[in-house]
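# Structural overview
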Amino acid sequence: MSHDSTAAPEAAARKLSGRRRKEIVAVLLFSGGPIFESSIPLSVFGIDRQDAGVPRYRLLVSAGEEGPLRTTGGLELTAPHGLEAISRAGTVVVPAWRSITSPPPEEALDALRRAHEEGARIVGLCTGAFVLAAAGLLDGRPATTHWMYAPTLAKRYPSVHVDPRELFVDDGDVLTSAGTAAGIDLCLHIVRTDHGNEAAGALARRLVVPPRRSGGQERYLDRSLPEEIGADPLAEVVAWALEHLHEQFDVETLAARAYMSRRTFDRRFRSLTGSAPLQWLITQRVLQAQRLLETSDYSVDEVAGRCGFRSPVALRGHFRRQLGSSPAAYRAAYRARRPQGDRPPVDGDGAAAGAGQPGPMSAPTAAPHQEGGGPVPLQTRRAPSPVGTSAPLASSSSSSSENGREAYAGSRASVPGQRSGM
């Protein structure tokens, strides 16, 4: 599911100032950015498709730092414009950032802050959200990024309300998307917002992609813990939890095993993972249920018991919220794509051979796919449970960059978008 924001009155009333024009889109590129993500806004906003009924944008490709800019495979790019071109844009897109642990150039952050102050719409695709966060543009706002980097974004920028479930989040004048293909979804959404469904549909047909995708990132999500927890004392408790998912226990049990109060345990767990321990535990149980549905012939009731759920009703509710489907429908869709002979052998206990308990860095489970190769469309209903944020890790950003972000965030009023699912 993607969240479209009904912008707050302050955002709706903002007007472009100076030389900025609504139809001008500036794409801000950095060295080290992946070529696929970088090319998405170039293709969407930079090609004249007026013959297909798609209104034309004017594209300005801008270098966020001194070139030449290196990208995937050692290719070198030379942008025709520098940061000065951003001063004319009504929309500024940051399609990617080279490293989630290194600070973006302060000059680029200043240009983004100035553009936002002057009414421009700011867009971050995939890891581009880290650049927007470093500029202070996401403080107090909902945002998303690639599910793999969402915990890091939440930890590094605790004032950002990171929701790793969404394909994209539109918060009015600041928009973010999940990884890779979700960047196309967000760019189509921008065209739809600017010019209507017909124009977005015509563009989608040219790109040979669906005009709207249902569902979110859950089907791709692996919510096991990040690698850095391996050196933490909580790692032993987490390992125990993963080995005993078939038992009924709660967060209080985990806190007791860590010799901590529930409050201290919650705070410590959030600081390590960017999410609440209860949500992590439920997600691990759902992932285990997903594996058993794929690799065993257990009934749904038996799967619920073997994953620590107190009842099949509890399993069905959590499974639908996270994966957008009932357990029975998920199993049917999965098996429809896998002939009987291709299923893993089942051992004497009914579990697939080699399908042990998930480890802290267990691989994500693939979603069922339909004949055309895309994911099976699943009816989706989300509960409003954004990932909790936590104290940040020691930032590798320079002090000047951090001070600039805080100064900017403190000088503007937050524009909380009212999000509604499609």
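An unreviewed UniProt entry annotates the chain as Helix-turn-helix domain-containing protein of Streptomyces cellulosae.

### What about the overall build of the chain?
The helix and strand tally for the chain stands at 15 helices and twelve strands. Going through the 422 residues of the chain one by one, you find that 53% of them count as buried. Partitioning the intrachain contacts of the chain with sequence separation of at least 6 by distance along the chain shows that 74% fall at a separation of at least 24. About 18,200 Å² of surface is accessible on the chain, with carbon and sulfur atoms providing 53% of the total.

### Things to note about the pairing of strand β11 (residues 174–177)
Neither face of β11 is left uncovered, since the one carrying V174 and T176 and the one carrying L175 and S177 both have all their residues buried. In this sheet, β11 lies alongside strand β10 (residues 168–170) in antiparallel orientation, the contact comprising three bridges. Paired with D170 across the two strands is L175, which belongs to β11.

### Here we look at the pattern of salt bridges
Tallied over the full model, the rule gives 15 salt bridges. Among the salt bridges present, the one from D51 reaches R206, with a minimum N-O distance of 2.7 Å. Taken together, the positions of D51 in the loop between α2 (35–46) and β3 (58–63) and R206 in helix α7 (residues 197–207) put the pair 155 residues apart, joining distant regions of the chain. For R113, the salt bridge is made with D110, and the minimal N-O distance between the two is 2.7 Å. Within this pair, R113 and its partner D110 are both found in helix α3 (residues 106–117), separated by three residues, close to a single helical turn. A relative accessible area of 5% means that R113 is categorised as buried. Each of E106, D110 and R113 takes part in salt bridges that share partners, so that together they form one network.

### What to know about the environment of L69
By the element assignment, L69 lies in strand β4 (residues 69–70). With 40 residues separating them in the primary sequence, L69 and L29 have C-alpha atoms 7.9 Å apart. Residues contacting L69, with those up to four places away along its chain left out, are L29, F30, S31, A63, L75, E76 and L77.

### Observations regarding the environment of L186
The residue L186 is located in helix α6 (residues 181–195) in this model. Since its relative accessible area comes to 0%, L186 is described here as buried. Separated by 62 residues in sequence, L186 and G124 place their C-alpha atoms 9.5 Å apart. Not counting the four nearest positions on each side in its chain, L186 is found in contact with V123, G124, L125, F168, L175, T176 and S177.

### Digging into the packing of helix α11 (residues 277–295) against helix α13 (residues 312–323)
Across the interface, α11 lies against α13 with an axial gap of 10 Å and an inter-helix angle of 95°. Judged on the interaxial angle alone, α13 and α11 are roughly perpendicular. Residues Q279, I282, T283, V286, A289, Q290 and L293 of α11 form the contact with α13, whose own contacting residues are L315, H318, F319, Q322 and L323. Of the residues contributing to the contact of α11 with α13, the split by class is seven nonpolar, five polar and no charged.

### Topic: the side chain of D170
Within the secondary structure layout, D170 lies in strand β10. Lacking a salt bridge, the buried D170 has R121 as its closest oppositely charged neighbour, with an N-O distance of 6.9 Å. In this structure the side chain of D170 is engaged in a polar contact, spanning 2.7 Å, whose partner is the side chain of H189.

Quick notes on the rules
- All residue numbers here refer to positions counted from 1 along the written sequence of the relevant chain.
- Predicted model: local features are reported for residues with pLDDT of at least 70 only, side-chain atom pairs are reported and counted for 80 or more only, and whole-chain, interface and lining totals are derived from all residues.
- Working from all heavy atoms in the structure, the side-chain values ignore hydrogens and water.
- Each helix is a run of H or I in the DSSP string that is no shorter than four residues. Each strand is a run of E no shorter than two, and both are numbered from the N terminus.
- The buried label applies to any residue whose accessible area, calculated with a 1.4 Å probe on protein chains only, is under 20% of its type's maximum; exposed applies above 50%, and partly exposed to all values in between.
- By definition in these notes, contact holds between two residues if any of their heavy atoms fall within 4.5 Å.
- Computed with the Shrake-Rupley method and a 1.4 Å probe, the accessible areas treat only the protein chains shown as cover for residues.
- Between any two strands, pairing holds if DSSP finds at least two bridges.
- A side-chain nitrogen of Lys or Arg and a carboxyl oxygen of Asp or Glu constitute a salt bridge if their distance falls within 4 Å.
- Every axis in this analysis is a line fitted to C-alpha atoms, fitted for helices over the stretch in contact. Angles between the N-to-C directions lie between 0 and 180 degrees.
- Orientation labels follow simple angle bins: below 35 degrees gives roughly parallel, above 145 gives roughly antiparallel, 65 to 115 gives roughly perpendicular, and whatever is left gives oblique.
- Amino acids are sorted into nonpolar (Ala, Val, Leu, Ile, Met, Phe, Trp, Tyr, Cys and Pro), charged (Asp, Glu, Lys and Arg) and polar (every other residue, Gly among them).
- Under the convention used here, Asp and Glu are negative, Lys and Arg are positive, and both His and the chain ends fall outside the count.
- N or O atoms within 3.5 Å of each other form a polar contact, as long as, within protein, one can give a hydrogen and the other can take it, and as long as residues adjacent in sequence are counted only when both atoms are side-chain atoms.

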